[in-house]
Each structure stands twice: as structure tokens, then as C-alpha cells.
Amino acid sequence: MPHFAMVIDLNTCVGCNACMAACAMENQSPVWDVQKWRTYVHDKEIGLGSDVNRRFFPRLCNHCDNPPCMSVCPTGATQKKENGIVFVDQDLCMGCRACAMACPYHARVPVTHADMRKGREFYGSDYHRTSPSMDKCSFCDHRVEEGRKPACVETCVGSARMFGDLDDPEDPVAQMVASGAARPLMPHIGTRPNVYYIDDIRWRS
Amino acid sequence: MEVNMTYATQDIWTWWLAIYLYFGGLGAATLAVTFLTDMYLKPSRDLVIWGAGAGVVLLALGSLMLFGHLLDKVAVLTILNPMAMFNQSTAWIAWGTQFIIWMMVWGVLYALPYVRETEFPKKVPVIKDLIDRPFVIGISKLVNRFHRQVGWLAVVNGVGVAVYTGLLLQSFPAVALWHNPAVPLLFTVSAFSTAMAFLLLLMYTLLHEQADESIRVLYERIDLVLIAGELVVLFSLYMYLKNGSESAVRSLELLWNDYGWMVGFIGFGLIVPFFLELKGVMKGWSTRVPIITASVLVLAGGYMLRHYFMYAGVYAYPW
Ligand code: SF4
Ligand code: SF4
């Protein structure tokens, strides 16, 4: 059984936001509210005076191996697959938002009845959501099951996002993680994330 | 990697969740205290009816707050099933919901024989018919036979609710203010302290004639100890936050630099009532006004604690 993970190289992310758009279309996110997109690229200026650099920081659900969003979920809507993907069963979710309170990575977003009404208008008859829920990135599990990569990875122009199997020693993603070049966010919280970042060194040089 | 941290409070669970936690703790602790008083100190019909009534009404109102904010209200059915507690054994909302339901059920049953004895329900149309139905009379007789067992079932679930309100916040690992063992302790002590205040308020006003002096004095003493305990827990929390992570330090700054928290909650919600009750216990008061004042302050302080707690939790985001 594979153990899926993502590595994001902050050195090659150019802040084009193509990943956000690809994800939103692929997963029919409420595009009218950027707070409700499953992935988001933060844009920050770092430095002083004339020595200022922009830093782009993509974030998404970290598909934690010890996910607090799952342990607090009273309905069992948040579940983890054997391949490591954490997903939400939207029919079980009652939208109490405990998962959003528990997630240290700001990865849960509400999709309401009003969003669904707009969604039906915007996406037309293709719209597949059946009930409101606290939504999140699913690593595009529907694509992964078909052997494809998540939409954000496939569309990333700088190849900043890489997707792979940690249990495959030949997989470049597994190698970057094993070498320590790619590191998780806030591992001290104990969530055991499966999204790893390669730190950007441009602005430090 | 974590050099550009952003620190943020949340706007997901706000005042309405504070009301849920407050009514939950207050209602459940009031029910537990009155039932224990009735079982082990002195049979107290009025206290039991008020305790069960407060438990049911406050918990219903509190639960409505949460229910009203659910994204999908139909899906709540999943957690009304008692098996949810075992299927989702790490989710405190699953436990809390069952504690709330069963506390209400056992609470109403425990109070039933007393309700049947009182005059007022006989004047209320629907209730009048209901309490004279043969099956209700049968249940009432059964409750009388298993008085203590039913009482304890309600008390255990009531204590469960009070503790749950703190465990719920403690289960969010990203926020240092919430994710520490002082929180369930603080919320439980505060729940019982507000329950004492509520009962004292009742016994000095609406139940003034019927109230038993020895029980009133006992409640005053217990409340004094509980307030002192709450201050000790708050002090340890302060020390923990002061030397804690950045999330902890920022929460501490938010709370301890806020007049509402410092003057409102700690000053008027704890210290002033502590001294008013201390004087009452040591030397007594010639009027009931000071204890009524202390009770109102403790009740207001109980809400403020939860309100400020919800708004002062700080998340640390590495972007
Ligand atoms: S990042 Fe947040 S939402 Fe995703 S698995 Fe971890 S805790 Fe859950
Ligand atoms: S909002 Fe849904 S997924 Fe999140 S904890 Fe509540 S029931 Fe679970």
C-alpha cells in the first residue's frame, strides 16, 4: 500500500496561483470566496529597505498521520485511508467545525447551503456536491485512484509541487523526505504531516 | 522553515460557543448539586425541581446554540445515536452529546415524583394531563423505588457534561491556551462555582422562605472553596502561559492586557465575590444583598471566562 505525500519546493514556486485555480475547478470549490478554496498561496514580503524579497507559500491539508481533525470529528465524517489520504465524507459531516478548530494548518473550509446554490449555478449540471460540509483538500483522491497526480501538481508551472509515495524508496519525493531536504511544518505539534517543504534560500543569500 | 510565523485568533467558534459551554457547565452542575443535596443531605423538593429544570432548560438552550450553527442540521442524527460515543471515542462532542441527552432523561425522571407532588404543574394544561397518566404514575413509583440509582445516573452524566466543556477545548492541539490540562479543571471548577452561585441566588430570592439555612451556609462555603480553587488554577495557567510557546505568550497578552478579563472576570467575577462570601462565612451579613451581589458577579464571571477564552486562543501559522 502506498503512502502518499507531497513535497513543495519554495525555491521554485513563482506565485502564479495556477494550483489554486486548477484545484478549484477540479474540486468545484466555491470560487466566489477565496477563503473557501482548498489550497491557497500566501504572498509575503521579506527583508528590509531595498533588500526585499517576495516569498510564496502554498498551503493545503497536510494529510496528517495523526490528524487532530479526525480525532475530534464526532460523526466520523473525517476519515483516513490506508494510503494516507485524509478525506471528508460530506454526507456524514454535520458541519460542527470542530475539525477547523483542531487543524493547526488552517486547512478546513466551510461549504454552506448558500455555496451549494451558487455552485449549482456556476458549475451547472456537473455539480456533484450533495450536502454542505467542512471541506478540505483530498489530494485529488479520485485522480490518484486512476494513477494520475493531483490537479495542483499537474498544473504547477515551476514544478514546485511534487507528489509521490513515501513507501517507494525509488520515488524522488520519498528521497527528498528521507534526505531531510524536505521537512514538515510544525512537527512538534505531533500531527505527523505528509506535506513537506523545501525551504527557500533565495532571500537569505 | 518557520521563520515567518503569522499569529491569528479564530472566528469559527465565538460567543455562541461560549454560551454553549457556559449553559452546559452551569445547568449540569446545578442539576448534580441539587440531586446530591437531595440524596445525601436533606430531601429538597424545590431544589430538585429547580435543579432539573435549570439542567434541562439551560442545556437545551446551549445545545440550540451549537445546533443553530451546524452546516447540515439533518446530519446531527448521527451523533444522537449512543453508538457514536464508541465509534468516535476520541471525539468529545460525541461523548458530550450523550452526556447531555442522558443527563436530561435521568434528571427529568428523578424530579418526576416531586413534580407530581407540587401544585404548580397541576395548573399547567398539558403537564396536568401528562403527569396523571397511568404510565407516568408507574414510572414515578419506579423512580421512587430506585431513587438513588436514578439520581446517580443523572449526577454522573451531569458531571460528565461539566468536564466535557473543558475537554472539548483541550482537544485542539494548535492553541496553547486551550491544549493544556488546566482547562478541563478550570471549566469544571467554574461550572460548579456558577452552579453554587445560581442556587444561592435562588435561595436568597425565589426560594427564600423554603430555603434551608444549613444548606445555604454549606453552599456558601463550598463556593468560597471553589472560587479559591479557580484562582489557583488560573495562577498556574498564567505561569504556564508566561513561559510557554509564542501561542501561549500571545494568548496571555491578549487576556491579561484586557480590562474585561482582568477587572471584569478576575476582579469582579472572582476576587470581589470571594471576599463578599468570605465575610459572610466568617462573620455573617446582616442583609442578603452582599451574597446576592456575589452570586450575580460569579454568574457573570462564568460567562466572561468562556467568552474571553474563545477569543484569545492563538494559532501559529508558518506562513
Ligand atoms: S492538515 Fe488539518 S485538515 Fe489536514 S489532516 Fe492535518 S489536521 Fe486534518
Ligand atoms: S465539521 Fe464535519 S468533518 Fe468537521 S468535525 Fe464536524 S462533523 Fe467532522
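Residues numbered from 1 in each chain as written. Chains lettered and ligands numbered in written order. Predicted model: local features only at pLDDT ≥ 70, side-chain atom pairs only at ≥ 80, totals over all residues. Heavy atoms only, no water.

For chain B, the name recorded in an unreviewed UniProt entry is Polysulfide reductase, subunit C, putative, with Imhoffiella purpurea as its organism. Note on chain B: under the UniProt heading Sequence similarities (unreviewed entry), the record states "Belongs to the NrfD family." Regarding chain B, the relevant UniProt record gives this comment under Subcellular location (unreviewed entry): "Cell membrane". (UniProt positions renumbered as here; feature names shortened; annotations may be inferred.)

As annotated in an unreviewed UniProt entry, chain A carries the name Anaerobic dimethyl sulfoxide reductase chain B and comes from Imhoffiella purpurea.

## A word on the layout of surface pockets
All names here are of chain B. Of the pockets and cavities examined, the largest pocket occupies roughly 480 Å³. Secondary-structure elements contributing two or more residues to the lining of the largest pocket are helix H2 (45-68), helix H5 (92-117) and helix H6 (125-131). No other element matches H2, which puts 7 residues into the lining of the largest pocket. Its residues assigned to classes, the lining of the largest pocket shows 15 nonpolar, 2 polar and 3 charged. (1 Å grid on protein atoms, 1.4 Å probe; cavity = no way out; pocket = protein on both sides within 12 Å on 5 of 7 lines; lining within 4 Å. Points joined across faces, edges and corners; volume = space filled by probe spheres on them. Helix = DSSP H or I, 4+ residues; strand = E, 2+ residues; numbered from the N terminus. Nonpolar A, V, L, I, M, F, W, Y, C, P; charged D, E, K, R; others polar.)

## Things to note about the packing of helix H12 (residues 259-282) of chain B against helix H13 (residues 289-312) of chain B
Residues and elements named next belong to chain B. Two elements in contact, H12 and H13, have axes separated by 8 Å at closest approach and are oriented at 150 degrees. When the interaxial angle is binned, H12 and H13 end up roughly antiparallel. Crossing angle aside, the handedness with which H12 passes H13 is left-handed. On H13, the residues touching Gly260, Trp261, Gly264, Phe265, Phe268, Gly269, Val272, Pro273, Leu276 and Glu277 of H12 are Pro290, Ile291, Thr293, Ala294, Leu297, Val298, Gly301, Met304, Leu305, Tyr308 and Phe309. Here the contact of H12 with H13 is built from residues that sort into 15 nonpolar, 5 polar and 1 charged. (Axes fitted to C-alpha atoms, helices over the stretch in contact; angles between N-to-C directions. Parallel < 35°, antiparallel > 145°, perpendicular 65-115°, else oblique. Left-handed = near helix turned anticlockwise from the far one by under 90°. Contact = heavy atoms within 4.5 Å.)

## Observations concerning the site of ligand 1
Taken together, the neighbourhood of ligand 1 is formed by 14 residues, with Cys61, Asn62, Cys64, Cys69 and Cys103 of chain A sitting nearest. Classifying every residue of the shell around ligand 1 gives 10 nonpolar, 2 polar and 2 charged. (Near = heavy atom within 4 Å.)

## Let's talk about unusual backbone geometry
Residue and element names in this part refer to chain A. Its identity as a non-glycine residue notwithstanding, Gln28 has a phi of 50 degrees, on the positive side. Its location among the elements puts Gln28 in the loop between helix H1 (18-27) and strand E2 (40-48). Residue Gln28 is classed as buried on the basis of its relative accessible area, which comes to 10%. In the Ramachandran plot, Cys140 falls in the positive-phi region, its phi being about 50 degrees despite a non-glycine side chain. Judged by relative accessible area, Cys140 falls into the buried class, the value being 6%. (Buried < 20%, exposed > 50% of the residue type's maximum accessible area, 1.4 Å probe, protein only.)

## What to know about the site of ligand 2
Neighbouring residues of ligand 2: 13 residues in total, closest Cys73, Thr78, Cys93, Cys96 and Cys99 of chain A. Per-class residue counts for the shell around ligand 2 are 8 nonpolar, 3 polar and 2 charged.

## Observations regarding the packing of helix H10 (residues 213-242) of chain B against H13 of chain B
All names here are of chain B. Relative orientation of the contacting elements H10 and H13 amounts to 30 degrees, with a least axis distance of 13 Å. The pairing of H10 with H13 is recorded here as roughly parallel in orientation. Considering only the axes of H10 and H13, their crossing is left-handed. Here H10 contributes Glu220, Asp223, Ile227, Glu230 and Leu237 to the contact with H13, which in turn contributes Ile291, Val298, Leu305 and Phe309. Considered class by class, the residues forming the contact of H10 with H13 number 6 nonpolar, no polar and 3 charged.

## Regarding the pattern of salt bridges
Residue and element names in this part refer to chain A. Applying the stated rule across the entire model yields 17 salt bridges over all chains. Across the pair Arg55 and Asp200 runs a salt bridge, and its minimum N-O distance is 3.0 Å. With Arg55 in strand E3 (residues 51-59) and Asp200 in the segment after strand E10 (195-198), the pair connects residues that are 145 residues apart, well separated along the chain. Judged by relative accessible area, Arg55 falls into the buried class, the value being 2%. Of the charged contacts in the structure, one is a salt bridge between Lys81 and Glu145, with a shortest N-O distance of 3.0 Å. Of this pair, Lys81 sits in the loop between strand E4 (78-80) and strand E5 (86-88) while Glu145 is found in the loop between helix H5 (141-144) and helix H6 (151-155), placing the two residues 64 residues apart along the sequence. The structure contains a network of salt bridges with shared partners spanning Glu26, Arg143 and Glu154. (Salt bridge = Lys/Arg side-chain N within 4 Å of Asp/Glu carboxyl O.)

## Thoughts on the packing of aromatic side chains
For any pair of aromatic rings, the description rests on two quantities: the centre-to-centre distance and the angle between the ring planes. According to the stated counting rule, one finds 27 aromatic pairs over all chains in the structure shown. Centre to centre, the rings of Phe4 of chain A and Phe163 of chain A are 5.2 Å apart; their planes meet at 15 degrees, and the pair counts as stacked. Residue Phe4 of chain A is located in strand E1 (residues 4-9), and its partner Phe163 of chain A is located in strand E8 (residues 161-165); the two are separated by 159 residues in the primary sequence. Taken as a pair, Phe4 of chain A and Phe163 of chain A share a single burial class, namely buried. Judged by centre distance (6.1 Å) and plane angle (45 degrees), the ring pair of Trp95 of chain B and Phe99 of chain B falls under tilted. In this pair, Trp95 of chain B and Phe99 of chain B are both assigned in helix H5, 4 residues apart and thus about one turn of the helix distant. In this structure Phe99 of chain B comes out as buried when scored by relative accessible area, which is 18%. Cluster of aromatic residues (ring-pair linked, three or more members): Phe57 and Tyr197 of chain A together with Trp13, Phe172, Trp178, Tyr315, Tyr317 and Trp319 of chain B. (Phe/Tyr/Trp six-rings, centres within 6.5 Å; stacked < 30°, edge-to-face > 60°.)

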